[in-house]
Amino acid sequence: QVQLVESGGGLVQAGGSLTLSCAASGSIFSINTMGWYRQAPGKQRELVAAITSGGSTNYADSVKGRFTISRDNPKNTVYLQMNSLKPEDTATYYCNAKRYSNYSWGLGTQVTVSS
């Protein structure tokens, strides 16, 4: 089983930047895709960004051009660089990892963007 720990959440003003980190441990062999999801109050959890072990990425339309996902394979860590933050980005952000057909989740980190 993969264990995931997120960090880097906090309170920022609109237009600011924040970087989230997610460190994987446990059964890390054969982890393929890692990504970030978010869930705001009253809304469903949605995919923000994902990255494969080979470096291929995909993003939600709402964050394209503002967010960048990357991973450091030797450190088993994935990052989400968030720029030009908007109040609508406010949510709990969750790290995800796929190993074979199984998904693992972190406990989440809160991001709050004030106007």
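Scroll up to find the structure this text is about.
Not measured: the values here are computed from a predicted model.

A. Summary view of the packing of aromatic side chains. In this structure the tally under the stated criterion is one aromatic pair. When the ring centre of tyrosine 94 is taken as origin, the NZ or CZ atom of arginine 45, which lies over that ring, is 3.9 Å away. Here arginine 45 stacks its cationic end above the ring of tryptophan 105, 4.9 Å away from the centre of that ring.

B. Just the pattern of salt bridges, in detail. Tallying each qualifying case throughout the model produces four salt bridges. In this structure, the salt-bridge partner of lysine 64 is aspartate 61, at a minimum N-O distance of 3.2 Å. The exposure class assigned to lysine 64 is partly exposed, which follows from its relative accessible area of 49%. A relative accessible area of 65% places aspartate 61 in the exposed class. Taken together, the salt bridges that share partners define one network made up of Arg38, Glu46, Arg66 and Asp89.

C. Here's a closer look at the nonpolar core. Judged by nonpolar contacts, the single largest core of 28 residues is most densely connected at Met34, Trp36, Leu80, Met82 and Tyr93. Those elements that place two or more of their residues in this core are strand E1 (2–7), strand E3 (18–26), strand E4 (31–39), strand E5 (46–51), strand E7 (67–72), strand E8 (77–82), strand E9 (91–99) and strand E11 (109–114). Residues contacting methionine 82, with those up to four places away along its chain left out, are Gly16, Ser17, Leu18, Leu20, Arg66, Phe67, Tyr93 and Val111.

D. Representation of unusual backbone geometry in the model. Of note in this structure, serine 30 is not a glycine but carries a positive phi near 75 degrees. Judged by relative accessible area, which is 29%, serine 30 ranks as partly exposed. A positive phi is found at tyrosine 100, a non-glycine position, where the angle reads about 55 degrees. Taking the relative accessible area as the measure of exposure, tyrosine 100 reaches 52% and is therefore exposed.

E. Looking closely at the environment of threonine 109. Within the element layout of this structure, threonine 109 appears in strand E11. In sequence terms threonine 109 and asparagine 32 are 77 residues apart; their C-alpha atoms lie 22 Å from each other. Sequence-distant contacts of threonine 109, that is, excluding residues within four places in its chain, are made with Glu6, Gly8, Gly9, Leu20, Ala91, Thr92 and Tyr93. A polar contact is formed between the side chain of threonine 109 and the backbone nitrogen of glycine 9, at a distance of 3.2 Å.

F. Local environment of the environment of asparagine 73. Note on placement: asparagine 73 falls in the loop between E7 and E8. For asparagine 73, a relative accessible area of 39% corresponds to the partly exposed category. For the pair asparagine 73 and serine 53, spaced 20 residues apart in sequence, the C-alpha to C-alpha distance is 7.7 Å.

G. Spatial organisation of the pairing of E11. Only one face of E11 is covered, namely the face carrying Thr109, Val111 and Val113; the face carrying Gln110, Thr112 and Ser114 is uncovered. When strand E2 (residues 10–13) meets E11, the two strands line up parallel, connected through four bridges. If you follow valine 12 over to E11, its bridge partner there is valine 113. Examined bridge by bridge, E9 and E11 share three bridges and lie antiparallel to one another. Note that in E11 the partner of tyrosine 93 across the bridge is threonine 109.

Parameters at a glance
- Residues numbered from 1 in each chain as written.
- Predicted model: local features only at pLDDT ≥ 70, side-chain atom pairs only at ≥ 80, totals over all residues.
- Heavy atoms only, no water.
- Phe/Tyr/Trp six-rings, centres within 6.5 Å; stacked < 30°, edge-to-face > 60°.
- Lys NZ or Arg CZ within 6 Å of the ring centre and 35° of its normal.
- Salt bridge = Lys/Arg side-chain N within 4 Å of Asp/Glu carboxyl O.
- Buried < 20%, exposed > 50% of the residue type's maximum accessible area, 1.4 Å probe, protein only.
- Core = buried A, V, L, I, M, F, W, Y, C linked by side-chain atoms within 4.5 Å.
- Helix = DSSP H or I, 4+ residues; strand = E, 2+ residues; numbered from the N terminus.
- Contact = heavy atoms within 4.5 Å.
- Polar contact = N/O pair within 3.5 Å; in protein donor to acceptor, adjacent residues only side chain to side chain.
- Pairing = 2+ DSSP bridges.

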